[in-house]
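Okay, here's what each chain looks like letter by letter:
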Amino acid sequence: QAAKVKKPALAEPVSWWRAVRASTRGCVAAAAMFCSCCTPGAEDVQSELRAGSNNPVPYSQASPASAPEGEVPVAVQVSSRASARAPPEPAQRAAPVNGPPGESGVTFDMVLSDLNAAEAKVYGQAFARLPGGKSVRGTAGRVPLSDTGLRRYVLEYSAIEEAEVDTELLKTGCLDDGGLSEAKFVQLLRDNAVSETAALEEFIGASNDGSTSSAEDCRSRLLLMGQCRLKANFSEDEWDRIFNTVLMSAGAVVPMDDWIIFCNTAARIIRVSQAGGIMKR
């Protein structure tokens, strides 16, 4: 009699397939159907939520230890797919750090090295374009307080609210002078780059005790203020240079009085960069 040929036993793989739960077999089968061209990226994974949870948690934050016994952890299921495509880099302005002069002829380097001179040039040019702003035969220009262009510029490049424009203009003492002078116009914008209320609110957000803050927290809070309150759009390198300049004299611990100064200086840099066309809004 011919010897019977025995087929290899399939007991071990079959028993493994049957031993695991149905949900696990579904995950394994589904994973085999995916390819790198159709798998979700990291940004898609972040938006997924764990099913059946009262407090939704992104899949990528799920702990393997929290999965039921015998079931493949959710985080393990998505980790290989998430790594298939790296998350996109945040968009940044393409202008170089040492870029060309802005519309006013002022450069970013000048703003950081001589802020007063940069403000005088940028705001002085703007003042000269206002009605009555140009000097005539040696007589300094004067802009009427009622001029709409003056009021529009003040609202655009300072923290002064519309309801407070008249009050702040009168505080300069220009009523008896027959109009606003260039020097007082520049000083008005310089003194109101950020409101004191906003500066205090930002400090409270960065302070643990209400009186001091760490230099690192101040740096983070200045970035938040610039981006959210002033709509600043600098590159990462430019932000670093701004903070290095503003916080040059800061110690490890920053008191409230110093923070107010740092906050105002950073706001002045942002305002004059916007007004001078160095940073596009």
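Before reading on, note that the structure itself is shown above.
What this report covers is the structure whose coordinates are included nearby. All values derive from a computational prediction rather than experimental measurement.

Some points on the packing of helix 10 (residues 196–206) against helix 11 (residues 215–229)
At a minimum axis separation of 9 Å, helix 10 and helix 11 run at an interaxial angle of 135°. When the axis of helix 10 is compared with that of helix 11, the two are oblique. Handedness of the crossing formed by helix 10 with helix 11: right-handed. Facing helix 10, whose interface residues are Ala198, Glu201, Glu202, Gly205 and Ala206, helix 11 presents Asp217, Arg221, Leu224, Met225 and Arg229. For the contact of helix 10 with helix 11, a count of residues per class yields 4 nonpolar, 1 polar and 5 charged.

Here we look at the nonpolar core
With 54 residues, the main nonpolar core has Tyr123, Tyr153, Phe185, Leu222 and Ile242 as its most contacted residues. When residues of this core are assigned to their parent elements, the largest contribution, 9 residues, is made by helix 13 (residues 256–275). In this structure, Leu222 is in contact with Phe243, Val246, Leu247, Trp259, Phe262, Cys263 and Ala266, ignoring residues within four places of it in sequence.

Comments concerning the side chain of Glu119
With respect to the secondary-structure elements, Glu119 resides in helix 6 (residues 115–128). Within the local environment of Glu119, its side chain forms a polar contact with the side chain of Arg190, the two groups lying 2.7 Å apart. With residues near it in sequence (within four places) discarded, Glu119 still touches Gly124, Val186, Arg190, Arg268 and Val272.

Conventions adopted
Within each chain, residues carry numbers counting from 1 in the order of the written sequence. Note on the predicted model: pLDDT of at least 70 is required for a residue's local features to be given, and 80 or more for side-chain atom pairs to be given and counted; whole-chain, interface and lining totals, by contrast, use all residues. Side-chain descriptors were evaluated using all non-hydrogen atoms of the structure, hydrogens and water having been removed beforehand. Angular values range over 0 to 180 degrees, each being the angle between N-to-C directions of two axes fitted as lines to C-alpha atoms, with helices fitted over their stretch in contact. Strands are runs of DSSP state E lasting at least two residues, helices are runs of H or I lasting at least four, and both sets are numbered from the N terminus onward. Should an angle lie under 35 degrees it is considered roughly parallel, over 145 roughly antiparallel, and from 65 to 115 roughly perpendicular; all remaining angles are considered oblique. Crossing handedness is read from the near helix: turned anticlockwise from the far helix by less than a right angle, it gives a left-handed crossing, and turned clockwise, a right-handed one. Note on definitions: a residue-residue contact is assigned when non-hydrogen atoms from the two residues lie within 4.5 Å. Amino acids outside the nonpolar list (Ala, Val, Leu, Ile, Met, Phe, Trp, Tyr, Cys, Pro) and the charged list (Asp, Glu, Lys, Arg) are all regarded as polar, and Gly is one of them. Residues belong to a common nonpolar core when they are buried Ala, Val, Leu, Ile, Met, Phe, Trp, Tyr or Cys residues joined through side-chain atoms within 4.5 Å. Throughout, exposure labels follow a simple rule: accessible area from a 1.4 Å probe, protein chains only, divided by the maximum for the residue type, with under 20% read as buried, over 50% as exposed, and the rest as partly exposed. Contacts described as polar in this section are N or O atom pairs within 3.5 Å, which, within protein, must combine one atom able to donate a hydrogen with one able to accept it, while residues neighboring in sequence count only if both atoms come from side chains.

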